[in-house]
Amino acid sequence: MASASTVLKPIFGTVGAVVGLYIAFIGLLTIPTFQDHVIFLHKVTLTWFQDVSIPEQWGFLRNQVTPFHLTTADGETLHAWHILPLDTYRQNLDGLRAEPTGLRNDIKETLSFKLLKDDPSARLILYFHGAAGTLGSGFRPPSYRAISAASPNVHILAIDYRGFGTSTGWPSEAGLLSDALALANFALDTAGIPPERIAIFAQSLGTAVAISLTHHLALQSPPTLFAGHVLVAPFANVELLTETYKVAGTVPLLSPIAFFPSLLALLNKFIKPKFPSKDTLASTIRHCHSLELKHKTKYDLTIIHAEDDYDIPWLHSEIVFWHAVNATRNENDAYTFDELHSVNSKRKTGLGAGGWEVEWRTDDGIIREQIVKHGLHDRIMSYSIVSLAIARIYES
Ligand SMILES: *[C@@H]1O[C@H](CO)[C@@H](O)[C@H](O)[C@H]1NC(C)=O
């Protein structure tokens, strides 16, 4: 007969090993390089062994997508895609089919670029993807199609950030802003598209990049503000993310730590990327309301989140929306989170199984929150809610 101790010893041993590994993991999280791997997941390519210069692999027509390179101000080379609207493609079928395919050395020489640059009615989406993967991963290709479905003349420019896919360099908070700026400058200067015809689509990590880009451009003199922003599954900031993030939607990696707020705060001190989206967005909106810009620029913001998003809980969108709305109000009229919640519950449009939406309009812009019941973290990008959000930007 086995005694209690011979049964329990291995169990204690195993528990001890798991706890030991966990402590080692938390220790690793204080190392910047390891943090970068966890936050950006840029080495998790997902499109293993697939060449992102052959977009036909993801269901695109010959030369519907043009792969090209963009250079950032600090000398990195980013891999980018220009995705043509289907109707534009149809009208130029023969010319497009006749061109060479694959990575193009000079995008300006391509027919697709001319179709964007020379068409005064062309609309352009700057696309900022989330962590991990490449331009071709997961629900990104279907999400390009959801954006294209919004309106007949919507072009998309998307990039792999530095360190992702075949882009050079290593990701960082400041680096990703430079990458976004390189794309924005390409759209504004090289392609010569005015900001009224440009909008932003971003998901997950990309929302932090987009919010930071918008802030940077709005504070320039003169300011640049794009026609609209669609933010899918945003997060409030990295600090709040560490409390709630679940790896692969199931493993709440930091929950044991989050149970002790001071321990989590200590860990957060060591985490370099901050991505303070809620505050950056609020600061942009305050700037648009400032005397200097009052009634000169209009922001258009749509925040979309699925209730069944297990990677980033939709509470993050509630927090982002709260900060954005608060930024439209005077100090004396500021809402607490709960106050805004009760105000919203009266203003909300309920859509049954389709979720609900709430709209906040001021003289200087519009902020929408759309919560759907189904869509998880990535799948939602390919849904009609995205097409509608893009279409609404251009209707106003
Ligand atoms: C709301 O805005 C006021 C300024 O109008 C600011 O002092 C306060 O910190 C803001 N609160 C939140 C939660 O953003």
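These figures come from a predicted structure and were not determined experimentally. (Residues numbered from 1 in each chain as written. Predicted model: local features only at pLDDT ≥ 70, side-chain atom pairs only at ≥ 80, totals over all residues. Heavy atoms only, no water.)

1. Here we look at the sheet that holds strand β8 (residues 349-350)
- Pairing within the open sheet is mixed, and its 10 strands lie in the order β1-β2-β4-β3-β5-β6-β7-β10-β9-β8. A single partner strand is all that each edge strand has here, and the edge strands are β1 (65-71) and β8.
- Both strand β3 (residues 123-128) and strand β5 (residues 198-203) contribute to a ladder of five bridges, which runs parallel. Its bridge partner being in β5, leucine 126 is matched across the sheet by isoleucine 200.
- Running over the sheet, helix α13 (residues 315-326) touches β7 (299-306), β9 (356-362) and β10 (365-372) and is turned about 165° from β10.
- The strands touched by helix α15 (residues 384-395) within the sheet are β3, β5, β6 (228-232), β7, β9 and β10, with β6 carrying the most contacts at an inclination of about 165°. (Pairing = 2+ DSSP bridges. Helix = DSSP H or I, 4+ residues; strand = E, 2+ residues; numbered from the N terminus. Contact = heavy atoms within 4.5 Å. Axes fitted to C-alpha atoms, helices over the stretch in contact; angles between N-to-C directions.)

2. A look at the domain arrangement of the protein
- One can read the domain layout of the protein as domain 1 (4-30) and domain 2 (38-395).
- The interface of domain 1 with domain 2 comprises five residues on the first partner and eight residues on the second.
- Summing the contributions of domain 1 and of domain 2, the shared interface buries around 610 Å²; its carbon and sulfur component is 83%.
- Contact with domain 2 buries surface across domain 1, with Tyr22, Leu29 and Thr30 losing the most and accounting together for 71% of the total.
- There are zero salt bridges connecting domain 1 and domain 2. (Domains from an automatic or database assignment. Buried area = accessible area lost by both parts, 1.4 Å probe. Salt bridge = Lys/Arg side-chain N within 4 Å of Asp/Glu carboxyl O.)

3. Observations concerning the pairing of β5
- The element β5 is extensively covered by neighbouring structure, given that six of its six residues are classed as buried.
- Across five bridges, the pairing between β5 and β6 is parallel. Among the inter-strand pairings, isoleucine 200 is bridged to a residue of β6, identified as histidine 229.
- Chirality of the crossover, the property in question, places the unit of β5, helix α8 (residues 205-218) and β6 among those that are right-handed. (Buried < 20%, exposed > 50% of the residue type's maximum accessible area, 1.4 Å probe, protein only. Right-handed = clockwise from strand over helix to strand, strands pointing away.)

4. Considering the nonpolar core
- Grouped together as the largest cluster of nonpolar side chains are 74 residues, with contacts concentrated most on Leu126, Phe128, Leu213, Phe226 and Ile367.
- Composition of this core by domain shows at least three residues from each of domain 1 (4-30) and domain 2 (38-395).
- With residues near it in sequence (within four places) discarded, leucine 213 still touches Phe128, Leu177, Ala180, Leu181, Ala184, Ile200 and Phe226.
- Counting residues in hydrophobic clusters, the runner-up holds 33 residues, among them Phe60, Ile304, Met381 and Ile390. (Core = buried A, V, L, I, M, F, W, Y, C linked by side-chain atoms within 4.5 Å.)

5. Topic: the packing of aromatic side chains
- For the structure on display, the rule yields 16 aromatic pairs.
- When the ring of tyrosine 127 is compared with that of tyrosine 144, the centres are 4.7 Å apart and the planes differ by 70°; the resulting orientation is edge-to-face. Of this pair, tyrosine 127 sits in strand β3 while tyrosine 144 sits in helix α6 (residues 140-148); the two residues are 17 residues apart in sequence, bridging distant segments of the chain.
- A residue is classified by how much of its surface remains accessible, and tyrosine 127, at 0% relative accessible area, is buried. (Phe/Tyr/Trp six-rings, centres within 6.5 Å; stacked < 30°, edge-to-face > 60°.)

6. Let's talk about the side chain of serine 137
- Following the sequence through the fold, serine 137 ends up in the loop between β3 and α6.
- Of the polar contacts made by the side chain of serine 137, one reaches the backbone nitrogen of threonine 134; its length is 2.7 Å.
- In contact with serine 137, other than residues within four places in its own chain, are Thr45, Leu46 and Thr47. (Polar contact = N/O pair within 3.5 Å; in protein donor to acceptor, adjacent residues only side chain to side chain.)

7. Section: the UniProt feature "transmembrane region" (unreviewed entry) in the protein
- Feature annotation in UniProt places "transmembrane region" (unreviewed entry) on residues 12-34, given in this structure's numbering.
- Helix makes up 87% of residues 12-34 and strand 0%, with an end-to-end C-alpha separation of 29 Å. (UniProt positions renumbered as here; feature names shortened; annotations may be inferred.)

8. As for unusual backbone geometry
- Cis peptide bonds are those with omega within 30 degrees of zero, and the linkage from serine 221 to proline 222 qualifies with 0°.
- Inspection of the secondary structure assignment puts proline 222 in the loop between α8 and β6.
- Unusually for a residue other than glycine, asparagine 63 sits at a positive phi of about 65°.
- Here asparagine 63 is to be found in the loop between α2 (32-40) and β1.
- Its relative accessible area of 7% is what places asparagine 63 among the buried residues.
- With phi around 35°, phenylalanine 275 is a residue other than glycine that occupies positive phi space.

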